Amino acid sequence: MPTTFGSLRRLVLTPSLASVAFAGRGFPVTPTAATERLEAVPQAVVCGFEWGIDARNQWEVERRLRLVDPEQRGFAYEGATMAFTVLDATGRGSRTRDLLAGPGQPHIFLAYIGIGFAMARLPRPLWRKVLPDLAGTPYHPTMSWLAVDGYGFDLAYFGTRRWVDEQREVKPYPWQGAPEYFRRAVDQGIGRALWFIHGGVPEQVAVAVRRFRADRRADLWSGVGLAATFAGGATADGLAVLRGEAGEHRAELAQGSVFAAKARAYAGFVPAHCEAAATALTGLSVDGAAKLADDCAVDEPAAAGRAPGATTAGPPAYELWRANVRTHFRAAGQPDRPRPPAAAPAN
């Protein structure tokens, strides 16, 4: 059952389902079955947020999340993590840590993104409180950069004119001791948002990326590859077009696809569109892409020769991991000539 204060927070903080739909955001999207599936993503996030912000206890949230279709469950965990992060950062508690060290662990990649959504709604002085201590759990703190990605996605999705049309840049922040890398991680999130803003239409997404300054496009393409693979939305022909449109940034597109495949495999549910996109954009199966991600991973402290959280002038382990994946594709001449993808549903 909801609490009185939880209901008030929900009313104040939760966007309506209509307001996150493409028409509600004013995105230039022609409604189709594929775009309806894409719209279900932010709507699942909203549902998860409502359950998290309004719930009396974590058990209730976990039960609700378990009822969500497996394809959308990770997005609902994003929303619940966002809610718990807001509650923990503005008050006291360990809701986020308990969720992510427990039933949310398979969805850790998307859960980090949910932390980023919370960051977009919290003043920067509170950001020091948003990342829970998950020492000993896989991919922490390296993949916590996905929180910054989530922050960038939220900016672009809800502030499209400022962050996409006007191409503003955020003020750096010393996330994981690397303030100079902050904007690059934000740009990956903006690239993911472009996939949704343009309804997964490859040509329109490519035009949007090319409007940005040249030195920002690589990270934008990485975000596009992540979104196209994890969320879907393109046919087999559309994926082939997307690969061609990426041009010199095909390795970045493939790198984003690899991370998406890893996230889906780790969560234990791989929809057909994810398998098709991984094949089209990387020339690998989801299992093959997930293995490549593991082979390219970099240990956080060893990567920079420092204690976790210490400031460094070098790239964070997250970027070294991404760079290793890109190097694989460039060295192998992939994904310039991937295996032809199997026919994929437009979802």
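Residues numbered from 1 in each chain as written. Predicted model: local features only at pLDDT ≥ 70, side-chain atom pairs only at ≥ 80, totals over all residues. Heavy atoms only, no water.

Engineer: Whenever I open this one, the environment of Gln72 confuses me. Can you help?
Structural biologist: Among the structural elements, Gln72 can be located in helix H6 (residues 70–90). In this structure, the C-alpha to C-alpha distance between Gln72 and Gln43, residues 29 residues apart in sequence, is 9.6 Å. (Helix = DSSP H or I, 4+ residues; strand = E, 2+ residues; numbered from the N terminus.)

Engineer: Teacher, can you tell me more about the pattern of salt bridges here?
Structural biologist: It is possible for side chains of opposite charge to pair when their charged atoms get near one another. Here the structure, examined in full by the defined rule, presents 19 salt bridges. For Glu166, the salt bridge goes to Arg168, with nearest N and O atoms at 3.0 Å. In this structure, Glu169 and Arg213 form a salt bridge, with 3.1 Å as the shortest nitrogen-oxygen distance. Note that Glu169 is positioned in the loop between helix H10 (160–165) and helix H11 (182–197) and Arg213 in the loop between helix H12 (202–210) and helix H13 (217–230), a separation of 44 residues in sequence. On the basis of relative accessibility, which here comes to 33%, the residue Glu169 falls in the partly exposed class. Arg213 gets classed as partly exposed once you look at its relative accessible area, which sits at 42%. Each of the salt bridges in this network shares a partner with another, and the network as a whole consists of Arg184, Asp219, Glu319, Arg322 and Arg326. (Salt bridge = Lys/Arg side-chain N within 4 Å of Asp/Glu carboxyl O. Buried < 20%, exposed > 50% of the residue type's maximum accessible area, 1.4 Å probe, protein only.)

Engineer: Help me understand the environment of Gly191, please; the structure alone is not making it clear to me.
Structural biologist: Locating Gly191 in the fold gives a position in helix H11. For Gly191, a relative accessible area of 0% gives the class buried. A sequence separation of 29 residues divides Gly191 from Leu220, and the C-alpha atoms of the two residues are 4.0 Å apart. Residues contacting Gly191, with those up to four places away along its chain left out, are Leu220, Gly223 and Val224. (Contact = heavy atoms within 4.5 Å.)

Engineer: Teacher, can you tell me more about the environment of Tyr139 here?
Structural biologist: Relative to the helices and strands, Tyr139 resides in the loop between helix H8 (108–119) and helix H9 (145–158). Each C-alpha atom, one on Tyr139 and one on Phe109, is 8.6 Å from the other, the two residues being 30 residues apart in sequence. Apart from the residues lying within four places of it in its own chain, the contact partners of Tyr139 are Phe109, Tyr112, Ser144, Lys262, Tyr266, Asp294 and Trp321.

Engineer: I tried to follow helix H5 (residues 58–66) on my own but got confused; where do I start?
Structural biologist: Think of an α-helix as turning once every 3.6 residues; residues three or four places apart then point the same way. Residues of H5 that are buried: Gln58, Glu60, Val61, Glu62 and Leu65. In this structure, the buried side of H5 is in contact with helix H4 (33–54), H6 and helix H7 (95–101). Near the N-terminus of H5, the side chain that reaches the backbone nitrogen of Trp59, with its oxygen 3.2 Å away, is that of Asn57. (Polar contact = N/O pair within 3.5 Å; in protein donor to acceptor, adjacent residues only side chain to side chain.)

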